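Observations on the model geometry
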Amino acid sequence: MSFQEYLKYLTRLFVQYMETPKDERRQRKLPRESWSSRWFGAIPMSIRLLWRK
């Protein structure tokens, strides 16, 4: 991919982003996962499941 193609691609994405209403952009955001699963993966979740039993 040449630099010009890449620049066109980025420009197209930016224009698409700016044309969407703010409310729609806010709704698209996904909720963040908890810090423990983010840092350590599935291990804390599995420990919690074992602890509950």
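As the structure is a computational prediction, the values presented were derived from the model and not from experiment.

1. Section: the overall build of the protein chain
Scanning the protein chain for helices and strands turns up four helices and zero strands. Across its three principal directions, the C-alpha atoms of the protein chain cover 55 × 30 × 15 Å. Scored against the burial criterion, the 53 residues of the protein chain give a buried share of 8%. Accessible surface, the protein chain as shown: approximately 5800 Å² in total, 62% of it carbon and sulfur. Here the protein chain contributes 12 positive and 5 negative side-chain charges, whose respective centroids are spaced 11 Å apart.

2. Looking at a nonpolar patch on the surface
Together, Met-1, Tyr-6, Tyr-9, Leu-10 and Leu-13 make up a nonpolar patch on the protein surface, roughly 510 Å² of accessible area in all. Position of Leu-10 relative to the elements: it lies in helix α1 (residues 3-19). The exposure class of Leu-10 is partly exposed, given its relative accessible area of 36%.

The rules behind each value
Residues numbered from 1 in each chain as written. Predicted model: local features only at pLDDT ≥ 70, side-chain atom pairs only at ≥ 80, totals over all residues. Heavy atoms only, no water. Helix = DSSP H or I, 4+ residues; strand = E, 2+ residues; numbered from the N terminus. Buried < 20%, exposed > 50% of the residue type's maximum accessible area, 1.4 Å probe, protein only. Areas by Shrake-Rupley, 256 points an atom, 1.4 Å probe, with all protein chains shown as cover. Lys, Arg positive; Asp, Glu negative; His and termini not counted. Charge placed at Lys NZ, Arg CZ, Asp CG, Glu CD. Patch = residues over 30% accessible without salt bridge, like charges linked within 9 Å, V, L, I, M, F, W, Y side chains within 5 Å. Salt bridge = Lys/Arg side-chain N within 4 Å of Asp/Glu carboxyl O.

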